[in-house]
Every structure is written in structure tokens, then in C-alpha cells.
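One-letter residues, chain by chain:
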Amino acid sequence: MTLKFIEVERLDGVAIVYLNRPPVNAQSAALREELIGVFDSFNDDEEIRCVVLTAHGDIFSAGADITERPAIKQRGPGAYWSHNRLVREAALSIADCSKPVIAAVNGPALGAGFGLMAACDIWIASDNAYVAMPEINVGLAGGTALLQRIFGKSRARRMFYTGMKVTADELYRLGLIEASLPRQELLPYALNLAKEIATKAPLSLQYAKQAAQVTLNMPQREGYRYEQNITVALSRTEDAAEAQQAFLEKRSPLYKGR
């Protein structure tokens, strides 16, 4: 797959995905299609065990490319619905990726940019970053389904109604991100965490990601049962036996992914 707006770097079982559409990494249809293709490919890539999503430049993503909206009106019936589907699928390709994904948010994440961040499993940000859903400022409305899953009712609706910005330091104070760091420390921190995750048994990681996604909307009783079934399945793998033997022998396990 030829990439124009996305860059991918591989390092010790970790893939680093960079948004690369200067000046503000606005999300065009082409960027979203590349993002979907890249994250779908990780599902079948046995060498990749964890992914870091970040961006080039000083802005993680300013959200949707608003210059594409007038073109939508000119493309005829169904165009807006196709556009909305692509917006959803770009985020879902990250959320549904079988590998854990860490967001290393290197600057403002606005609108659909915040959506990409939220689709990741673990959130880290540089201390110059902030998040917002500013659609209200351009006569639109979007993001309340996302905001109300992350923030409390009052803060979510204030952000939705006003386009309010929330800084990385405030997100950290609220316990919503893992760290708010100087920009130069962001990627090393994210990579250290990703490499730690990448040392775990590949099948266990995939099942853990699956369990986190599936049980998110389950009642606790059914979610617990689902996780127990996964534990039973994993207990029968070669990697589980190797992990337990390595623990007893006080050595690092050698996983085979089966």
C-alpha cells in the first residue's frame, strides 16, 4: 500500500504510525483510507505486537479537513453518508485493531483528532496538547457520544456546547491520561511502554485487547464470564505453558505465538 499522508516505522515489535499531512494533520478522505489500511494490516502482522499513534509537526490532528465539506454537497445523494461512514471506520480501525494501540498526542487533538486519540487503548500527551470538540464553532454538532464516555456529564456537555479546550495537564489531573510530558519526552515514554507491552505473549495480548473491547458494553456478570472463557482458552496454549515454566525457572519466556 502506497502511503502519502501516513508514515510507519517499525522497531522491536512496535509499529509507530505518524500522521503526516502538514500543516495541521487535518483528516482528508485519503488520509482516513490510509489509516484504515495500515491498521487493518497490523491484524495480520505477527511481527507487530503493539502500535504507537502520533503525528509529525506541532499538532496531533486539527480534525476533519473542512475544505472537503463543500465538495460533499456537490457530489450528490449519499455523499454525506459515505463521508460519515469513512469518519467512523477510521476510528474503528484503531479501536478494533487486534494489537494494543498507544496514543502519543504531540499537540492539540481537535474534533476527529480527539476521536482518533480516544480510539486508542492508552493515552499519553505532551504538556502543550489539549483536546476539544469545536464543531459548535463552525455551526455543526458532533462528539457528545464520545465526550460522555470520557468525562462526567457536566464537563462533557460544557465541552459539547461551547467547544471548550481541556489541557493535557488537566486531563492528567482528572486521571484520564497516563502522563503529561515535555514534548521531547513524549515519544521515548510511549516507546518504553510499547516495548514493555510487546514482551508479553502475543495471543494473550490479542485476547486481552478483544476482552477490553467486547466487555466494555457488557453487564459485569456477562463480561466476567467472557473473560473467564478467554482465560480457559489461553491456558491451553504453548505460550501459557512456556510463561509458567519460565516463571518457575526465573528466566524470560520465549513465546511462539501459539
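Quick notes on the rules
- Residues numbered from 1 in each chain as written.
- Predicted model: local features only at pLDDT ≥ 70, side-chain atom pairs only at ≥ 80, totals over all residues.
- Heavy atoms only, no water.
- Helix = DSSP H or I, 4+ residues; strand = E, 2+ residues; numbered from the N terminus.
- Expected span 1.5 Å × (residues − 1).
- Buried < 20%, exposed > 50% of the residue type's maximum accessible area, 1.4 Å probe, protein only.
- Contact = heavy atoms within 4.5 Å.
- Pairing = 2+ DSSP bridges.
- Axes fitted to C-alpha atoms, helices over the stretch in contact; angles between N-to-C directions.
- Parallel < 35°, antiparallel > 145°, perpendicular 65-115°, else oblique.
- Nonpolar A, V, L, I, M, F, W, Y, C, P; charged D, E, K, R; others polar.
- Left-handed = near helix turned anticlockwise from the far one by under 90°.
- Patch = residues over 30% accessible without salt bridge, like charges linked within 9 Å, V, L, I, M, F, W, Y side chains within 5 Å.
- Areas by Shrake-Rupley, 256 points an atom, 1.4 Å probe, with all protein chains shown as cover.
- Salt bridge = Lys/Arg side-chain N within 4 Å of Asp/Glu carboxyl O.
- Lys, Arg positive; Asp, Glu negative; His and termini not counted.
- Charge placed at Lys NZ, Arg CZ, Asp CG, Glu CD.
- Phe/Tyr/Trp six-rings, centres within 6.5 Å; stacked < 30°, edge-to-face > 60°.
- Lys NZ or Arg CZ within 6 Å of the ring centre and 35° of its normal.
- Arc of directions from axis to C-beta.
- Domains from an automatic or database assignment.
- Buried area = accessible area lost by both parts, 1.4 Å probe.
- Polar contact = N/O pair within 3.5 Å; in protein donor to acceptor, adjacent residues only side chain to side chain.

## As for helix α1 (residues 29–42)
Line of reasoning, step 1. With 14 residues, α1 ought to run about 20 Å at 1.5 Å a step, and its terminal C-alpha atoms sit 20 Å apart, in line with that.
Line of reasoning, step 2. For α1, every residue scored as buried is listed here: Leu31, Arg32, Glu34, Leu35, Ile36, Val38, Phe39 and Phe42.
Line of reasoning, step 3. If you follow the buried residues of α1, they end up packed against β1 (6–11), β2 (14–19), β3 (50–55), α3 (79–95), β4 (101–105) and α4 (112–119).

## Things to note about the sheet that holds strand β8 (residues 166–167)
Line of reasoning, step 1. One open sheet holds the 3 strands; their spatial order is β5-β7-β8, and the pairing between them is mixed. This sheet does not close on itself; its edge strands, each paired only once, are β5 (109–110) and β8.
Line of reasoning, step 2. By the bridge criterion, 2 bridges tie strand β7 (residues 130–132) to β8 in an arrangement that is antiparallel. Each residue of the ladder has a partner; that of tyrosine 130, found in β8, is threonine 167.

## Quick word on the packing of helix α9 (residues 202–214) against helix α10 (residues 220–235)
Line of reasoning, step 1. Interaxial distance between α9 and α10 falls to 10 Å at its minimum, and their mutual angle equals 170 degrees. Judged on the interaxial angle alone, α10 and α9 are roughly antiparallel. Counting all contacts with α9, which are made through Leu203, Ser204, Tyr207, Gln210, Ala211 and Val214, the residues of α10 involved are Tyr226, Glu227, Ile230 and Leu234.
Line of reasoning, step 2. Looking at the contact of α9 with α10 residue by residue, the classes come out as 7 nonpolar, 2 polar and 1 charged.

## Here we look at the packing of α3 against α4
Any two packed helices are characterised by how steeply their axes cross, that is the angle between the axes, and by the distance between the axes.
Line of reasoning, step 1. The interhelical angle for the contact between α3 and α4, taken along N-to-C directions, is 20 degrees, at an axis separation of 8 Å. By the angle between their directions, the pair α3 and α4 is classed as roughly parallel. As for the relative orientation of α3 and α4, their crossing is right-handed in sense. Only Gly115, Leu116 and Ala119 of α4 make contact with α3, whose side of the interface consists of Ala90, Ala91, Ile94 and Ala95.

## Some thoughts on a negative patch on the surface
Line of reasoning, step 1. On the surface, Asp40, Asp44, Glu46, Glu47, Glu89 and Asp96 cluster together into a patch of negative charge.
Line of reasoning, step 2. On the basis of relative accessible area, glutamate 46 is assigned to the exposed category, the value being 74%.

## Digging into the packing of aromatic side chains
Line of reasoning, step 1. Taken as a whole and assessed by the stated rule, the structure comprises 2 aromatic pairs.
Line of reasoning, step 2. Taken together, a centroid distance of 5.5 Å and an interplanar angle of 80 degrees make the contact between phenylalanine 39 and phenylalanine 42 edge-to-face. One end of the pair, phenylalanine 39, and the other, phenylalanine 42, are both in helix α1, 3 residues apart, so they sit about a helical turn from each other.
Line of reasoning, step 3. Judged by relative accessible area, phenylalanine 42 falls into the buried class, the value being 1%.
Line of reasoning, step 4. For the cation-ring pair, arginine 21 lies above phenylalanine 5, with the distance from its terminal atom to the ring centre recorded as 5.4 Å.

## Notes on helix α8 (residues 183–198)
Line of reasoning, step 1. Taking 1.5 Å of rise per residue, the 16 residues of α8 would be expected to cover 22 Å, and the 23 Å separating its terminal C-alpha atoms lies within 8% of that figure.
Line of reasoning, step 2. Buried within α8 are the following residues: Leu186, Ala190, Leu191, Ala194, Ile197 and Ala198. Considered in projection along α8, the buried side chains sweep an arc of 120 degrees and stay on one side of the axis. For α8, the exposed residues lying more than 90 degrees away from the buried face are Gln184 and Asn192.

## A few points about the domain arrangement of the protein chain
Line of reasoning, step 1. The assigned domain composition of the protein chain is domain 1 (6–198) and domain 2 (200–249).
Line of reasoning, step 2. Summarising the inter-unit geometry, the C-alpha centres of domain 1 and domain 2 are found 27 Å apart.
Line of reasoning, step 3. In this assembly, 14 residues from domain 1 lie in contact with 8 residues from domain 2.
Line of reasoning, step 4. With both chains or domains summed, domain 1 and domain 2 bury close to 870 Å², and 45% of this area falls on carbon and sulfur atoms.
Line of reasoning, step 5. Considering only the side of domain 1, the residues that lose the most area to domain 2 are Arg49, Ser98 and Arg149, jointly responsible for 41% of the buried surface there.
Line of reasoning, step 6. For the pair domain 1 and domain 2, the number of links is 1 salt bridge.
Line of reasoning, step 7. In this structure, the salt-bridge partner of lysine 209 is aspartate 121, at a minimum N-O distance of 3.0 Å.
Line of reasoning, step 8. Summed over the shared surface of domain 1 and domain 2, the result is 8 residue pairs in polar contact (both at pLDDT 80 or more).
Line of reasoning, step 9. Elements with a minimum of two residues in the side of domain 1 that touches domain 2: α3 and α8.
Line of reasoning, step 10. The greatest single-element share of the side of domain 1 that touches domain 2, amounting to 3 residues, is contributed by α8.

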